[in-house]
Amino acid sequence: MTRRLSIVAAVCLLGLSAGFSPAAAAVPEAAVILKSGADKGTADGYPGIIGMVRDGSQTKYIQAGVGDRGTQVPADPKARFRIGSNTKSFTAATVLLLEADGLLSLDDTVAKWLPNAINANGYDGSKITIRQLLNQTSNLPDYTMNIDGYTVNPNWTPQRLVDGALRKRPPNAQPGEKWEYANTNYVLAGMIIRAVTGNDPAAEMKTRIFDRLGLADSALPTTDNNLYGNYLHGYYLAGPFILDMTVTSVQATQTAGAIVSTLDDLATFERALVGGTLLPPAQQAELKTTVPTGTGANYGLGLMRIDAPCGRTAWYHNGAVPGYYSFHLTSDDGAKQVVEANNENHLIQGTPGQTHTQEAGLNAFCAL
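Residues numbered from 1 in each chain as written. Predicted model: local features only at pLDDT ≥ 70, side-chain atom pairs only at ≥ 80, totals over all residues. Heavy atoms only, no water.

Novice: What is the right way to look at the environment of Val27 in this model?
Specialist: With respect to the helices and strands, the residue Val27 is situated in helix H1 (residues 22-44). On the accessibility criterion, Val27 (4% relative accessible area) is buried. Sequence spacing of Val27 and Asn183 is 156 residues, and the spatial spacing of their C-alpha atoms is 35 Å. Every residue in contact with Val27, bar those within four places of it in the chain, is listed here: Val53, Asp55, Gln58, Thr59, Lys60 and Leu368. (Helix = DSSP H or I, 4+ residues; strand = E, 2+ residues; numbered from the N terminus. Buried < 20%, exposed > 50% of the residue type's maximum accessible area, 1.4 Å probe, protein only. Contact = heavy atoms within 4.5 Å.)

What follows is the structure in structure tokens.
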């Protein structure tokens with residue numbers, strides 16, 4: 001549902017115009033850069049791309065292509081889309097807010113809250129902590145499924161996803177020894193949220209994050225696979241065929257990748273999360289405590305810290321589910337942001353569209 005960022009070497013473009021303050025000139029210039037990358041992305045085959053750049057209170061939107069191949073309606077920057085593994089930041093934040101309320105500790109073992117969830121093929125939930133789930137150092141394998149798993153909706157329960165992951169291989173390292181991305185970790189985090197509170201994770205997110213931050217266009221669907229209102233259709237390239245993947249199984253991704261949101265809501269959330277207005281100081285420090293990934297980036301709790309080509313630090317995550325690919329870049333104080341989404345993804349990494357749009361996103365971030 002998401003994978004590590006491939007950091008593309010690029011030149012940071014500043015291009016400030018005479019007669020304008022740096023802040024006033026930076027946002028339009030960054031938008032031009034992001035728009036150029038979006039145009040390349042549609043030339044690469046994306047049906048549509050939407051994006052935004054923000055510096056403080058200044059925001060500018062860009063779009064290219066269409067949001068619906070059937071009607072050819074232009075892609076709308078206000079449209080909803082599936083954010084994929086950007087969901088992980090929301091799940092991590094919910095767990096951290098539970099810790100802030102004294103309901104759990106990141107150093108609790110998984111077995112404390114889920115006694116029988118991890119107990120097969122050599123895995124032991126009493127040796128894995130919640131922190132290791134969130135920073136992807138549990139050594140649990142990722143669960144996988146073919147495209148039918150996303151479309152047929154075979155009633156994937158969280159435990160069924162976990163069980164499928166545990167069968168893939170025995171442990172090849174001790175918990176905490178190395179970083180390995182696995183959606184399994186965040187499915188388990190959702191199970192822990194339910195065990196601690198007695199509530200569905202969607203309800204906890206709504207109360208603690210969506211309602212608190214005014215994210216009216218965001219939701220974690222649990223059984224409804226449809227999108228409503230103003231939304232991007234999502235597409236999947238399968239050889240000569242283009243599949244409409246707008247309706248897909250949210251049970252296949254759950255608290256690892258099922259949230260539906262908008263550019264504005266995602267930016268507002270990440271700004272509050274990274275900028276320190278959502279979490280108390282202790283949990284904010286935990287959020288930004290990172291481990292090396294071996295890819296030139298460092299992973300915190302549902303967020304990745306990277307260095308942009310201009311040397312500026314950015315907090316990053318992406319999200320990839322069938323039909324949709326998105327990413328965000330947020331400065332350490334939360335003031336500067338780039339958010340982008342497109343409506344095609346066929347679960348292949350490093351496509352030309354991904355390369356061109358992420359390169360433009362990094363350059364746009366540098367221009368702010």
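Novice: Even after reading the chapter, I still don't get helix H2 (residues 87-100), so can you show me in this structure?
Specialist: The α-helix advances 3.6 residues per turn, and as a result positions three or four apart in sequence lie on the same side. If you check H2, its first and last C-alpha atoms are 20 Å apart, about what 14 residues at 1.5 Å a residue would give, namely 20 Å. One or two residues past the end of H2 sits Gly102, with phi positive at roughly 75°. (Expected span 1.5 Å × (residues − 1).)

Novice: When you look at the packing of H2 against helix H9 (residues 263-275) in this model, what are you seeing that I'm missing?
Specialist: Describing two packed helices takes the angle between their axes plus the distance from one axis to the other. At their nearest, the axes of H2 and H9 sit 11 Å apart, and the two run at 45° to each other. Compared by their axis directions, H2 and H9 come out oblique. Considering the relative orientation of H2 and H9, their crossing is left-handed. Contacts between H2 and H9 involve Ser89, Phe90 and Ala93 from the first element and Leu266, Phe269, Glu270 and Leu273 from the second. Residue classes in the contact of H2 with H9 are distributed as 5 nonpolar, 1 polar and 1 charged. (Axes fitted to C-alpha atoms, helices over the stretch in contact; angles between N-to-C directions. Parallel < 35°, antiparallel > 145°, perpendicular 65-115°, else oblique. Left-handed = near helix turned anticlockwise from the far one by under 90°. Nonpolar A, V, L, I, M, F, W, Y, C, P; charged D, E, K, R; others polar.)

Just distances and angles here, no functional claims.
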